[in-house]
Each structure stands twice: as C-alpha cells, then as structure tokens.
Amino acid sequence: MEFSIKSGSPEKQRSACVVVGVFEPRKLSLAGELIDQASNHALSDIIRRGDMEGKSGTTLLLHNVPNTLCERVLLVGLGKERDFKDKEYRDAVRAAIKTLNETGSLEASIFLTELPVKRRTTEWKVEQAVLMAMEGIYRFDRLKSKQEEARRPLRRLVLNVPRRNELGSGEEAAKRGQAIADGMNLAKDLGNLPGNICTPTYLAEQARELAETYKLKLEVLEQKDMEALNMGALLSVARGSRQPPKLIVLQYSGGDKKRKPVVLVGKGITFDSGGISLKPGAEMDEMKYDMSGAANVLGTFKAVAQLGLPLNLVGIIPASENLPDGNASKPGDVVTSMSGQTIEVLNTDAEGRLVLCDALTYAERFEPEAVVDIATLTGACVIALGHVATGLFSNHDALARELIHAGEYTFDRVWHMPLWDDYQEQLKSNFADMANIGGRAGGSITAACFLSRFAKKYDWAHLDIAGTAWKSGKDKGSTGRPLPLLVHFLINKSAES
Ligand code: BES
Ligand code: MN
Ligand code: ZN
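Everything numeric here is computed off the predicted structure, so don't read it as measured data.

A. Just helix α9 (residues 292–307), in detail. Taking 1.5 Å per residue, 16 residues should reach 22 Å; α9 reaches 22 Å between its end C-alpha atoms and fits that length. With 13 of 16 residues buried, α9 lies mostly within the body of the structure. A positive backbone phi angle near 60 degrees is found at G308, which sits one or two residues after α9.

B. Representation of the site of ligand 1 within the structure. The immediate surroundings of ligand 1 are formed by 16 residues, with K279, D290, D349, E351 and G379 found nearest. In the model, an oxygen atom of ligand 1 is placed 2.8 Å from a nitrogen or oxygen of the K279 side chain. Contact between ligand 1 and D349: an oxygen atom at 2.7 Å from a side-chain N or O atom of the residue. Burial of ligand 1 by the surrounding chains reaches 77%, relative to a free accessible area of 520 Å². With respect to the detected pockets, ligand 1 is housed in the second largest pocket. Per-class residue counts for the shell around ligand 1 are 5 nonpolar, 4 polar and 7 charged.

C. Region of interest: the domain arrangement of the protein. Domain annotation of the protein identifies domain 1 (2–158) and domain 2 (181–495). Just the C-alpha atoms count here: the centres of domain 1 and domain 2 sit 38 Å apart. Across the boundary between the two partners, domain 1 contributes 15 residues, which contact 16 residues of domain 2. In this structure, the connection of domain 1 to domain 2 is made through 1 salt bridge. When the shortest N-O distance is used, the salt bridge between R142 and D189 registers 3.0 Å. If you look at where domain 1 meets domain 2, you find 8 residue pairs in polar contact (both at pLDDT 80 or more). Counting residues per element, the ones that place at least two in the side of domain 1 that touches domain 2 are α3 (86–102) and α4 (122–137). Among the elements that make up the side of domain 1 that touches domain 2, the one with the highest residue count is α4 (6 residues).

D. Highlighting the packing of aromatic side chains. Summed over all chains, the structure comprises 6 aromatic pairs. Both rings, one in W420 and one in Y423, keep their centres 6.4 Å apart while their planes meet at 20 degrees; by these two values the pair is stacked. Take Y423: its relative accessible area is 21%, and that puts it in the partly exposed class. Sitting above the plane of the F411 ring, R413 keeps its charged end 4.2 Å from the centroid.

E. Summary view of the coordination of the zinc ion (ligand 3). For the zinc ion (ligand 3), the full set of protein donor atoms is K267 (NZ), D272 (OD), D290 (OD) and E351 (OE), at a range of 2.0 to 2.4 Å. Between the 6 donor atoms coordinating the zinc ion (ligand 3), the angles at the centre fall across 79 to 175 degrees, so the site counts as octahedral. Donor residues for the zinc ion (ligand 3), ordered by position in the chain, follow K-x4-D-x17-D-x60-E. Between the zinc ion (ligand 3) and the manganese ion (ligand 2) the interatomic distance amounts to 3.2 Å, and D272 serves as a bridging ligand to the pair. Taken together, the residues D290 in the loop between β11 (268–272) and α9 and E351 in the loop between β14 (342–345) and α10 (352–363) connect sequence positions 61 residues apart. Take D290 and E351: they sit in the same class, and that class is buried.

F. Quick look at the sheet that holds β14. Spatially, the 3 strands line up as an open sheet ordered β13-β14-β18, and their pairing is mixed. Edge positions in the open sheet fall to β13 (333–336) and β18 (434–435), since each of these has one partner strand only. When β13 meets β14, the two strands line up antiparallel, connected through 4 bridges. Its bridge partner being in β14, V335 is matched across the sheet by I343.

G. Fine view of the pattern of salt bridges. This model, assessed by the stated rule, comprises 30 salt bridges. Here E369 makes a salt bridge to R259, at a shortest N to O gap of 3.4 Å. With E369 in the loop between α10 and β15 (370–375) and R259 in the loop between β9 (246–253) and β10 (262–266), this residue pair connects regions lying 110 residues apart in the sequence. Measuring nitrogen to oxygen at the nearest pair gives 3.1 Å for the salt bridge that ties E351 to K267. Of the two residues, E351 sits in the loop between β14 and α10 while K267 sits in the loop between β10 and β11, which places them 84 residues apart along the sequence. As far as the burial class goes, E351 and K267 line up, both buried. Here the salt bridges do not stand alone but share partners, grouping R259, E369, E402, K493 and E496 into one network.

Thresholds, definitions, all that
- Residues numbered from 1 in each chain as written.
- Chains lettered and ligands numbered in written order.
- Predicted model: local features only at pLDDT ≥ 70, side-chain atom pairs only at ≥ 80, totals over all residues.
- Heavy atoms only, no water.
- Helix = DSSP H or I, 4+ residues; strand = E, 2+ residues; numbered from the N terminus.
- Expected span 1.5 Å × (residues − 1).
- Buried < 20%, exposed > 50% of the residue type's maximum accessible area, 1.4 Å probe, protein only.
- Near = heavy atom within 4 Å.
- Polar contact = N/O pair within 3.5 Å; in protein donor to acceptor, adjacent residues only side chain to side chain.
- Areas by Shrake-Rupley, 256 points an atom, 1.4 Å probe, with all protein chains shown as cover.
- 1 Å grid on protein atoms, 1.4 Å probe; cavity = no way out; pocket = protein on both sides within 12 Å on 5 of 7 lines; lining within 4 Å.
- Sits in = over half its atoms within 2 Å of the grid points.
- Nonpolar A, V, L, I, M, F, W, Y, C, P; charged D, E, K, R; others polar.
- Domains from an automatic or database assignment.
- Contact = heavy atoms within 4.5 Å.
- Salt bridge = Lys/Arg side-chain N within 4 Å of Asp/Glu carboxyl O.
- Phe/Tyr/Trp six-rings, centres within 6.5 Å; stacked < 30°, edge-to-face > 60°.
- Lys NZ or Arg CZ within 6 Å of the ring centre and 35° of its normal.
- Donors = N, O, S within 2.8 Å, 3.2 Å for Na, K, Ca; no water.
- Tetrahedral: all angles 85-135°; square planar, octahedral: opposite > 155°, others 65-115°.
- Pairing = 2+ DSSP bridges.

Here's what the structure looks like:
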C-alpha cells in the first residue's frame, strides 16, 4: 500500500473515493460540509432522509455526487461529536478501510485525518491511519492452496491534513506508520505460521534474512554453545524436542559507539505443549503463538532499521519447543541456570521463565542501558487484564513510565503490575534456590518475580503479552502487539541521547 499526504479541498479531489465523517445525530464534518455546499446539498438531503445517522461503525457509499471530481463519496459514522476521542477515531478509520476494501476503489482520499481528536496531533492521526489501513488489508493466506483475492485491493491512500505547513511532519508520520506496520506484518506472519513450519531453526533463518537485508550483526548460538555457557535452564526446556534450540542474538548499531544499548529479549517457544505437565487439548493449537515475543523482537528490528533510528539495539531470542518425550525434563527435576542459581522445575509448563532467565543473564555482557523482555508468559495475566492491556512489571520506575507513555501514545496500552518482595516468598523450594512456579494466586506476578532474580544487574522491564499477542475465535490471528509500543519507546530513547 502506498500513502501520500495532501492538504486540499474534498470537492476538488480527483479520486476514486473521498472519505468524510458524519457525527451523530446527522451532522456533517467540515469536509462533509464542503462537499455538501459544492453539490447543492446532496449529502444533507441523504442524511435528512435517514440513510446515515452518524452512528459509529456505520458507512454509506455514494456514487455520482454532483459537482465533485471524485467517483464516490464514502460517509463514515463517527458517533457523538463530544465523545469523539482517540478510540473513536481509530474505529472510524477501521470502518472506512473495511468498506473501501469491500468495494471497487483502488485508491481513496481520506479526510478523517482532518477531524480534531482530543489531545492528539495531526502526526498521531496520520500514523494511526496508516496502521489501521495496513491492519485492514493484512491477510494470512499463504498456506491456502488458492489465495483469497480481495476483489480489487486498495492500493493507494491519500491522507489529508488540515494545514499546508503540516505536510512535512505528516509525511514523517506516514513513514513511521509504514515502518511500524511492516514490522507488525513480519511479527504477525511469524506468529500465524504453525509450529511445524516456524521452528527455532526457522526463526534463526528469518533473523539471518533480516540481518542480510539491513546489515545487522547476527550470532546464532547452538546447543553446544549453550552447554559451554552453562545455560541449564534453557537447555532443560529443549530436552523434550527433536528440533534443536537456538539462541538468536541480533545487533543494530545506529547510535554513538560509546552509548550503551537497549536490549530486547523475546520468548521464542515455537510450540508449547506444556511438556510432561501436558496442557489440556482444547485450544492447544494457539500455543504456536508462544513465540510472539520473539516475533516482536524481529519485527521491531525491521522497523528500527527501516527508520534508521540513532541508537544501539540488541535482540536476544531464546528459541525452543516445549514437548514431552522420554528425554524431557520432569516435574521435580532440579536444573542449574547460567547465573548459578538452581531451579526446581515443579511444572514443565512454566517453561517461558526457564528460557528467559538464561537469556537475561546472557544480556549482562552487553552492559545494557535497559533490558525489556517480551513474553506470552502466563495465562494468569489474561485473567488479570483480559485482551486489552499488556502486563508491565519493572525494577525501575522511570523505565516503567517510559513504557507506559509509549503505550498510551500508540494506543498499545500496558498496565503497571506490582513486583513487591512479598510475592517472592511463593517461589520458595525445599530442594533448590527457587521453584519455577508460585501457585495460582497472582500467577503473572510470581512469574515476573522469578525473572527479576535474573535481572538484578540492570534496569529491566517485563511485558507479559499472553492476552494481547493474538486473538482467538473466528478472528484468530496474531495482533502484532506490542510492536507499536516498542518502536515508540525506542524512538523516544533515541531522542534522549
Ligand atoms: N505459554 C504459556 C502461557 C499462556 C497460556 C499464554 C495461555 C496464553 C494463554 C506458559 O508457558 C504457561 O504455560 N504458563 C503456565 C504457568 C503455570 C504452569 C504456572 C500457565 O499460565 O498456565
Ligand atoms: Mn507453558
Ligand atoms: Zn509458554
């Protein structure tokens, strides 16, 4: 999809479709008014007849509106004007894209980007419109023998900004949106690929492709390298699988050589059956998404490299399957992590923290400015926050605030959860330094507490994306979250310098 920025009058757009908003009840937006005046009240006539009341989520496609240069006008319901905020803006753009996709326009000129949105800038509106458009046209049909062709797919969008002096910043914002969307598409594709294709080896190959395209440094540690580093926790998870584990290490150097890097760590369990502590069968297929943290790290590298952000970034992906086998670890096994701390594996299904803890210890060698891990870590986080907010845990409040801020900016929101010492007690073991589970109460918190024991040497935050990385049900699919948050966090970091 191609995007361009314009500042023009809606009635003078030579376009297949001009998109304007209608507030509830029956009030045209400014761009709608201009078309209405030019067309001898064609729009207000239609609205008066009751065909478009302005309810949010509704659309009405008009042909041959007099005295305009466009082939069609698409009216989009915006809901009540005083309730029109960021969420409603996103919903309106999403509805517009959906209708455009289902009708014949190959190209369109959108004026929703001109609407005032409380506490949001034109740049924000442009970036979000690009993200909504890219999301609307995303399909994952490469594994179907016949591709479902959208009848005539939308190819070009013109986004209109209110003032000519916003053309430059609008273009920057569209570029940012496009880079984030490209990163999200990579993350979504990797997430949606099944476990028999997207293995640890496949993830390493994808990292290799990224490294070649964007001139990144790549190192892939094999099982013998992990043995040499004493990564006993990570290796214990891989024991039950015939697919070799990989520790993928990507480096992007866009900043001053003296500047410490930000490190992203992504959980890369390409399928989580639970291991010997086998999961129940229902919806187990969704555990192919257990590498969504890893997919987000790869997608973030793509976006960051595309934008050429001036900072240094390291990505670490511990990748493995978690399967039952005669050689798999068993409940009660005690393993020694790279940090030297011993762990009693009371449940082999709490494998994410086992692969992450060794990756967190490995991160120390980069002397990071901050480490952020991204993981589909606990079902308990889904119970706590549902599918709306990602769980945020951190040992450093300033870092937590930066992530919260990036999440609010991008509408890719997180909720700050406690990481108090009081919860650490639940991880006591009679046989090792700690157990790998802390009981049902506060399950996402005790999981984060476990990780915190391996992240003492730097500022660290943990994002539990178990509820936000994918959707279930009839819209089953990867969401690409929290990639927008991560990229904006890094954009802000690179501005700090
Ligand atoms: N990958 C899962 C977490 C998960 C489960 C994410 C369901 C999304 C939906 C993780 O490895 C896991 O199995 N966690 C266990 C931990 C428990 C054994 C302490 C869980 O949440 O049940
Ligand atoms: Mn598990
Ligand atoms: Zn898992």
